[in-house]
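# Tertiary structure, described
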Amino acid sequence: MPPDELAAWLRLTLTPGVGNATARRLLAAFGLPQQVFAQSASALRQVVTAAQASALLQEPPGLPAQIETTWQWLMQPGEETGGPQDAAVTRSIVTLGDENYPPSLLATEDPPLLLYLMGRCDWLQATGWPAALAIVGSRNPTPQGQINARQFAQALAGQMAVVSGLALGIDGAAHEGALQGAQPERLATIAVIGTGADRVYPARHRDLAHRIARQGLLVSECPLGTPPVAANFPKRNRIISGLSLGALVVEAALQSGSLITARLAAEQGKEVFAIPGSIHGTQSRGCHALIRQGAKLVETAQDILEELRLPASRPAPAAPAPSTAPTVSAPPPAGGPHASLLTALGADPASLDALQARTGWPTPQLQAALLELELAGQVGRLPGGLFQRLGAA
């Protein structure tokens, strides 16, 4: 993109009082941003308010510095500040009028004016935007929820990119699973972030962001330098759903932001999928509400591929049964010392008191056995002193 064209797009996005909807009206009326800024005040007032027309005729504060920062960011190879340099990782900006703009996002009600991209832009240019599925869920998932997100993403990565928001919990597990299932020279995962593309939030996902850049894409509509602002995270959910054929909600409370993504996906005519969970778990209630509203209950990745009419490239792992059937990734040998405890635990979270009542074991023996199973990865410790059996059947 030539510098003068980039400057005009940045000016349009940074003009105070001019949001996406107003900017799209201006572009529809006058053409590219350069033509918008060539108009007289009277011509602009035919499309926008007098206050907006006045703002458009003035240079936004800090515009020259933002143009310079953005141009330098585009010209620098490698990953964001602090990351390792990798020549395969490149940067790009696609605009609403660009032929490389994602078609599925363009068809939504509120497409962003600009998308800042960092990662394997060469793969994107070679094959176009891939078929993708959003995988979203709680920032505070159960251990089983994290396992489910990772396994579903890994199984799906052979056929489609996994889109999520780089948040803690289910988002991070979905990105990790997609990277584990990555195929050569195709985007494994797309992280839509709520900060500038030159920042990583949360900080503990810095390494994950670097790995995504090497096998996928980081995407943002926020100007460079934008810090974490609460209002930007729900806003980016429309991009997550807009880039995807559908959305899978792994775990979510009733007031979860993941339900915003699911609602947006439904409004965009996309498929919504949900994994059922324990009737006693607060993190299952959002998924159960979605299922009651018409979301498709799924137990395996194959369920999603069949619904989207995509072939499976590998066996898809099953999700745990939603009732009381035992579900472990590596069942203990028959007659093993803790087999009866795992049977007593079942699939729902249980307290120490409940397990003691079920097994009749003394407290020290029960605590020691739970610790052994936790260290073996067969039991997870949840908030509130609860324990949950892990793994897929």
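Check the entry above for the structure.
The paragraphs below set out a description of the structure included in this document. (Residues numbered from 1 in each chain as written. Predicted model: local features only at pLDDT ≥ 70, side-chain atom pairs only at ≥ 80, totals over all residues. Heavy atoms only, no water.)

## Brief notes about the layout of surface pockets
- By volume, the second largest pocket is sized at about 310 Å³.
- Lining of the second largest pocket is provided by 17 residues; of these, T13, N20, E221, P223 and K235 occupy positions nearest its centre.
- Of all the secondary structure elements, the ones that give two or more residues to the lining of the second largest pocket are α1 (3–14), α2 (20–30), β2 (114–119) and α12 (232–242).
- If you tally residues by element for the lining of the second largest pocket, the top one is α1, at 3 residues.
- Looking at the lining of the second largest pocket, its residues break down into 10 nonpolar, 5 polar and 2 charged. (1 Å grid on protein atoms, 1.4 Å probe; cavity = no way out; pocket = protein on both sides within 12 Å on 5 of 7 lines; lining within 4 Å. Points joined across faces, edges and corners; volume = space filled by probe spheres on them. Helix = DSSP H or I, 4+ residues; strand = E, 2+ residues; numbered from the N terminus. Nonpolar A, V, L, I, M, F, W, Y, C, P; charged D, E, K, R; others polar.)

## Considering α1
- When the terminal C-alpha atoms of α1 are compared, their 16 Å separation across 12 residues agrees well with the 16 Å that a helix rising 1.5 Å per residue should span.
- Along α1, the residues that are buried comprise L6, A7, A8, W9, L10, R11 and L12.
- Elements that come into contact with the buried residues of α1 comprise α2, α3 (33–37), α5 (50–56), α6 (63–75), β1 (90–95) and β2. (Expected span 1.5 Å × (residues − 1). Buried < 20%, exposed > 50% of the residue type's maximum accessible area, 1.4 Å probe, protein only. Contact = heavy atoms within 4.5 Å.)

## Some details on unusual backbone geometry
- With an omega of 0°, the peptide bond running from Y201 to P202 counts as cis.
- Structurally, the position occupied by P202 is in the loop between β5 (189–192) and α11 (206–215).
- Phi angles above zero are rare outside glycine, and E185 is one such case at about 60°.
- Following the sequence through the fold, E185 ends up in the loop between α10 (170–180) and β5.
- In the Ramachandran plot, R309 falls in the positive-phi region, its phi being about 60° despite a non-glycine side chain.
- Topologically, R309 is positioned in the loop between α15 (301–307) and α16 (339–345).

## Section: the sheet that holds strand β11 (residues 379–382)
- Pairing is antiparallel across the open sheet formed by 3 strands, whose spatial order is β10-β12-β11. Edge positions in the sheet fall to β10 (350–351) and β11, since each has one partner strand and no second. (Pairing = 2+ DSSP bridges.)

Limitation: the analysis is restricted to geometry and does not speak to function.
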